[in-house]
Amino acid sequence: MQPSYAELHCISNFSFLRGASHPDELVKRAQALGYHALALTDECSVAGTVRAHLAAREHAFKLIIGAEFVPADAPHRKLVLLAQNRNGYGNLCELISLVRGRAKKGAYELRTADLAAGIADCLALLVGDLDTSEDDATHDTTDDCEHDAGHGDPAECDPQHRLFASAVSQPWREGVAEHGQHAGDAE
């Protein structure tokens, strides 16, 4: 028996010039491939949610709503937030409204400080290469911590690591402590 698989970072054609498939097509394809769930995580948007939800409901498929962000003050980091429930969805939408409201139409400006208090009822995923010091002169590679590799305590990291880590919910941290590893570390 194969273990359940859920894609937790998937963009649709609502991520302009990046995604190609419609949200409903992504849901149908994920179900055809035997996925347990799919997270629709367009860039700073939940615009494809209704189409994805209708397809998921029609096919009795688990849909996770989220969004992807690249902070303006940490462009070498990508953050994916996944709503755990209705309250998390509301908090995610509130964050999207905030960061879109401070930028020109069609753009957004997320600052790491926006995450200092965390985003209640959302799970946070860090995506991509986190050690690109040439892309961000403020990133001090001598202050890197083992958390970049999926180990160690986020509190021992540089300030931007700490802000990102604070967006991660307590249940996720407890799950890591209980199982002794991040999901990506499993063999």
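Structure's up top.
Here, residues in each chain are numbered from 1, in the same order as that chain's written sequence. Confidence filtering applies because this is a predicted model: local features only for residues at pLDDT of at least 70, side-chain atom pairs given and counted only at 80 or more, and all residues used for totals across whole chains, interfaces and linings. Heavy atoms throughout the structure, all of them, feed into the side-chain values; hydrogens and water do not.

## Details of the nonpolar core
Across soluble globular proteins, nonpolar side chains show a tendency to be buried alongside one another.
Here is step 1 of the chain: Remark: nonpolar core denotes a set of buried residues (Ala, Val, Leu, Ile, Met, Phe, Trp, Tyr, Cys) joined through side-chain atoms within 4.5 Å. For each residue, the accessible area found with a 1.4 Å probe, counting protein chains only, is set against the maximum for its type, and the residue is called buried under 20%, exposed over 50%, and partly exposed in between. Formed by 28 residues in total, the largest nonpolar core has its most connected members in Val27, Phe69, Leu81, Leu92 and Leu95.
Here is step 2 of the chain: Where this core is concerned, the elements lending two or more residues are α1 (23-32), β2 (37-40), α2 (49-58), β3 (62-69), β4 (78-83), α3 (86-101) and β5 (122-127).
Here is step 3 of the chain: Working rule for contacts: check all heavy atoms of both residues, and any pair within 4.5 Å makes them a contact. In this structure, Phe69 is in contact with Cys44, Arg77, Lys78, Leu79, Leu81, Leu92, Leu95, Ile96, Val99, Tyr108 and Leu110, ignoring residues within four places of it in sequence.
Here is step 4 of the chain: Membership of the second largest hydrophobic core comes to 5 residues, among which are Ala37, Ala39, Ile64 and Val80. Helix and strand definitions follow DSSP, with helices as H or I runs of at least four residues and strands as E runs of at least two, each counted in order from the N terminus.

## Some words on the pattern of salt bridges
Here is step 1 of the chain: The term salt bridge refers to a pairing of a side-chain nitrogen on Lys or Arg with a carboxyl oxygen on Asp or Glu at a separation within 4 Å. A complete count under the given rule lists 5 salt bridges for this structure.
Here is step 2 of the chain: A salt bridge links Arg18 to Glu68; the shortest N-O distance between them is 2.5 Å. Here the residue Arg18 occupies a position in the loop between β1 (6-10) and α1, and Glu68 occupies one in strand β3, the gap between them amounting to 50 residues.
Here is step 3 of the chain: A salt bridge links Arg102 to Asp114, with the shortest nitrogen-to-oxygen separation between them at 2.6 Å. With Arg102 in the loop between α3 and β5 and Asp114 in the loop between α3 and β5, the pair connects residues that are 12 residues apart, well separated along the chain.
Here is step 4 of the chain: Because the salt bridges share partners, they merge into one network encompassing Arg18, Glu43, Glu68 and Lys78.

## Regarding α1
Here is step 1 of the chain: Looking at α1, one finds that the buried residues are Pro23, Leu26, Val27 and Ala30. Each buried residue of α1 sits inside an arc of 100° when the element is viewed along its axis, so together they form one side. In α1, the exposed residues that point more than 90 degrees away from the buried face are Arg29 and Ala32.
Here is step 2 of the chain: At its buried positions, α1 is contacted by β1, β2, α2 and β3.
Here is step 3 of the chain: A positive backbone phi angle near 85° is found at Gly34, which sits one or two residues after α1. By construction, the arc corresponds to the directions joining the helix axis to the C-beta atoms.

## With respect to the packing of aromatic side chains
Here is step 1 of the chain: Put simply, two rings from Phe, Tyr or Trp (the six-membered ring, in Trp's case) pair if the centres are within 6.5 Å, and we call them stacked under 30 degrees between planes, edge-to-face over 60, tilted for the rest. Under the defined criterion, the tally for this structure stands at 2 aromatic pairs.
Here is step 2 of the chain: For the pair Tyr5 and Tyr35, a centre-to-centre distance of 4.8 Å together with 75° between the ring planes defines the contact as edge-to-face. You can see Tyr5 sitting in the segment before β1 and its partner Tyr35 sitting in the loop between α1 and β2, a full 30 residues away along the chain.
Here is step 3 of the chain: Looking at Tyr5, the relative accessible area reads 41%, which means it is partly exposed.

All we've got here are geometric facts, nothing functional implied.
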